[in-house]
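Architecture at a glance
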Amino acid sequence: MNEFDKKYKGKTFSFYELINTHNIEIPIIQRDYAQGREDKKEIRDNFLNALYNSLEGNYQLKLDFIYGSIVNDAFQPLDGQQRLTTLFLLHWYAATKDKCLDYNVQKTLNRFSYETRISSRDFCKSIINNRIIINKDNSISNIIIDSPWFYLSWKKDPTIRAMLRTIDDIHNKFCLIDNLWKKLISATLPICFYYVELENIGLTDDLYIKMNARGKLLSTFEKFKAGFQKYINSNKWEESHNPTDTFAFKIDTKWSDLFWANFSNKQSIDDSLVHFISTIAMIRHAIEKKEERINHITRLNDNPDSIRPELFSKDSFCYLKKCFDLYCNILESNIDLNLNLPLWRHKPSKDFLSQIVSENENISYTQKVLFYAQTEFLMYNYQNFKKEKFEDWMRVIRNIVSRGNIEVTGKRPDIIRSPQTFDGVINLISELSEGCSDIYNYLSKVEKINSSFARSQVEEEKLKAKLLMYNKENIALKNIIFEVEDNDLLMGRIEFALSCINFDYSEISSFDIEKFNKVGQVINRYFSKETDISNDIRRALLTIGVNGKYEYYEYWWSFWYVGNANKRCLIDKFRELEYYIYSDCKLYFKELVLKLIDNSLRDIIENFVPPHNMPNWKIQLIKTPALLDKNTSHYIAIPEDNSYCYLLKSKRPRDIDGSIKIK
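Residues numbered from 1 in each chain as written. Predicted model: local features only at pLDDT ≥ 70, side-chain atom pairs only at ≥ 80, totals over all residues. Heavy atoms only, no water.

1. Looking at the overall build of the protein chain
The helix and strand inventory of the protein chain stands at 31 helices and 11 strands. A globule of 663 residues ought to have a C-alpha radius of gyration of about 26 Å, yet the protein chain, at 36 Å, is considerably larger. Each principal axis of the C-alpha atoms in the protein chain carries an extent, and together these give about 120 × 60 × 50 Å. Each of the 663 residues in the protein chain was classed as buried or not, and the buried ones make up 56%. For the protein chain, restricting intrachain contacts to residue pairs at least 6 apart in sequence, the fraction spanning at least 24 positions comes to 71%. By element, 45% of the accessible surface of the protein chain is carried by carbon and sulfur atoms, the whole surface being about 30,500 Å². A distance of 2 Å separates the average location of the 92 positive side-chain charges in the protein chain from that of its 90 negative side-chain charges. (Helix = DSSP H or I, 4+ residues; strand = E, 2+ residues; numbered from the N terminus. Rg over C-alpha atoms; globule rule 2.2 N^0.38 Å. Buried < 20%, exposed > 50% of the residue type's maximum accessible area, 1.4 Å probe, protein only. Contact = heavy atoms within 4.5 Å. Areas by Shrake-Rupley, 256 points an atom, 1.4 Å probe, with all protein chains shown as cover. Lys, Arg positive; Asp, Glu negative; His and termini not counted. Charge placed at Lys NZ, Arg CZ, Asp CG, Glu CD.)

Written out as structure tokens, the structure is:
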């Protein structure tokens, strides 16, 4: 006897003998039930034909070896899953067809299961424990799918789809065999295999891959789900739960139905589930102030597949379950989560839930933050959802997360572009969510907000809330403020508009609603998009004097050595205006806005009377439109004596040729 035979003793078993001797459990590392795939029909037919011929011809059919190990009192096949699953389905079919599926047979067949693919395991139990009437003219798979106990998501499970296909093929081939059940369980062992138990060898990925090169690698979600279930069990987080309320049951039934119905792509929802779970883990790390949270947030944001069971505490686990349940209820209730307010560069293609679970790897920190804000509102207000209150809450959060430090060139990096800022804003939202049901009422009364994130914008949101509450009889005010803060230039921040009406921050009653509305109308009419920045605006700004100076272009300069002059910018891009209105030169823009309340740009230009000391080149730029129309760079250069200027051909010209000199 060789060493293999000495160590691994085997014996001949039929399927029914094996299942009466051991529970049979298909381990998580095994691939899907491939024998039932559509493209494996030839293999499946050959195997079923061999089984059929054995039973009809009354001769013994010996199948190949089936290897496996005993793990937790169950036989887990390392090789033989495909044959065992097909034999299980044949035995179930035979017992059902011959009306032999009594309590004892049900109990025996229930010993066949899948370790952590809960959907496959529950499907097997369901066909065993629910009565199905078989006749030769009906499709068994259609009967099963139409049954009330069949979950929608099961239609998308590759193993269950394969099982249904095999059941139909079994029915077509075996439906006319009399006493099929008795033949299968006959003591003469018509169909048997050589069973080998690999003692003391646990199932590992390496061993499986070596012995089954055709095996399909598990998805990130399948690996995570298997590990997570063991982690949940070892921590006894669901020890007293009803089985239908456990994570394992819901992730393969109700929650999967939700994702299949709304987010399936390429016959898979695994990536969607991973993205959802990873985002929740990021959020909870920030909330719970976990050690190494910045590293974990970075890793999960860059690679959702890095999700691990150990990243969840019991509180995080409970929150994750609540989120799954919450969004199931939301989607079933058809609650409208689309926001009727600008979200600028962070606008989702549909809604924030859809954005988070999409396969797009470029989901921004900001979008994840807005998803969290949405989730918190729904947690508090799902039963009494009011769209107006939801949009108020999301508007406040939008304003906070849209606040960024604009650069002089108009570059505007996102305020949330690092794990540290993500951590900070998540905690701010967590703190503010106490008042999310009526955020303006809450902000008008709250005395102290502990979070220091975006403090100046938070203070502005508190100011807006006080203005709204103080003037709550004026129902138009809310829309007036919203129209101003929705402007693409202001992007949620109304500080500049308030400065235009000389608002006294210490006295709420000083707020001039009418004038604020007029200022807002001017900003929206003239400064809402890139194409609004015209030469007429540049010329009009040259007519504005502040403290006797007509130098609105002082916000940017660089020395031009070629012409021995200082380069200036007449505002090149729309986004530069955002920097401009909060710079030291903002008074020029303020005066222009105020003049535009009662005048057009052309009126301001044509009615301008130059002071006696204004350089001629500046007067020419104001009064002669063709000059700036030729200056496509929007940059000029002015010598120290202010006696002339160059209209520069580019931002950094290396020579004078091509630059127009105006005296």
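Structure's up, so let's keep going.
2. Observations regarding the sheet that holds strand 8 (residues 565-569)
Read from one edge to the other, the open sheet built from five strands follows the order 7-8-9-10-11, with strand pairing classed as antiparallel. Two strands bound the open sheet, and with one partner strand each, they are strand 7 (557-560) and strand 11 (660-662). The sheet shows a mean angle of 30 degrees between the axes of neighbouring strands, taken without regard to direction. Across the sheet, helix 30 (residues 616-623) lies against strand 9 (635-638), strand 10 (645-647) and strand 11, angled at about 35 degrees from strand 10, the strand it touches most. (Pairing = 2+ DSSP bridges. Axes fitted to C-alpha atoms, helices over the stretch in contact; angles between N-to-C directions.)

3. Looking at the side chain of S278
With respect to the helices, strands and loops of the structure, S278 is situated in helix 14 (residues 270-287). Within the structure, S278 has its side chain in polar contact with the backbone oxygen of P304 (distance 2.8 Å). Not counting residues within four places of it along the chain, the set of residues in contact with S278 comprises L300, P304 and I307. (Polar contact = N/O pair within 3.5 Å; in protein donor to acceptor, adjacent residues only side chain to side chain.)

4. With respect to the pairing of strand 6 (residues 191-197)
By the criterion of burial, strand 6 is predominantly enclosed, with five of the seven residues buried. Two strands pair when backbone bridges link them, and strand 3 (residues 61-71) and strand 6 are joined in this way by six bridges, in the parallel orientation. When the bridges of strand 6 are listed, K62 appears paired with C192.

5. A look at the packing of helix 19 (residues 387-402) against helix 23 (residues 476-485)
Remark: helix 19 packs on helix 23, axes separated minimally by 12 Å, with the N-to-C direction vectors making an angle of 35 degrees. In the packing of helix 19 onto helix 23, the handedness of the crossing is left-handed. When helix 19 is examined against helix 23, the residues E388, D392, R395, R398 and N399 are found in contact with a partner set consisting of K478, F482 and E485. Of the residues in the contact of helix 19 with helix 23, the class split is one nonpolar, one polar and six charged. (Left-handed = near helix turned anticlockwise from the far one by under 90°. Nonpolar A, V, L, I, M, F, W, Y, C, P; charged D, E, K, R; others polar.)

6. Some details on the packing of aromatic side chains
Within this structure, the stated rule accounts for 49 aromatic pairs. Their ring planes at 40 degrees and their centres at 4.7 Å tell us that F276 and F324 sit as a pair that is tilted. Remark: F324 occurs in helix 16 (residues 314-333) and F276 occurs in helix 14; sequence separation between them is 48 residues. As far as burial versus exposure is concerned, F276 and F324 are alike and both buried. Just above the ring of F482 sits the side chain of R395; from NZ or CZ to the centre is 3.8 Å. The lysine or arginine in question, K661, covers the ring of Y644, its NZ or CZ lying 4.2 Å from the ring centre. (Phe/Tyr/Trp six-rings, centres within 6.5 Å; stacked < 30°, edge-to-face > 60°. Lys NZ or Arg CZ within 6 Å of the ring centre and 35° of its normal.)

7. Regarding the pattern of salt bridges
All chains considered together, the criterion is met by 38 salt bridges. One salt bridge connects D245 with K250, and the closest N-O pair in it is separated by 2.9 Å. A salt bridge links D423 to K289, with the shortest nitrogen-to-oxygen separation between them at 3.8 Å. Here D423, found in helix 20 (residues 419-432), pairs with K289, found in the loop between helix 14 and helix 15 (293-302); they are 134 residues apart in sequence, far enough to count as distant. You can call D423 buried: its relative accessible area is 8%. Sharing partners across several salt bridges, the network here consists of R395, R398, E460, E461, K464, E485 and D486. (Salt bridge = Lys/Arg side-chain N within 4 Å of Asp/Glu carboxyl O.)

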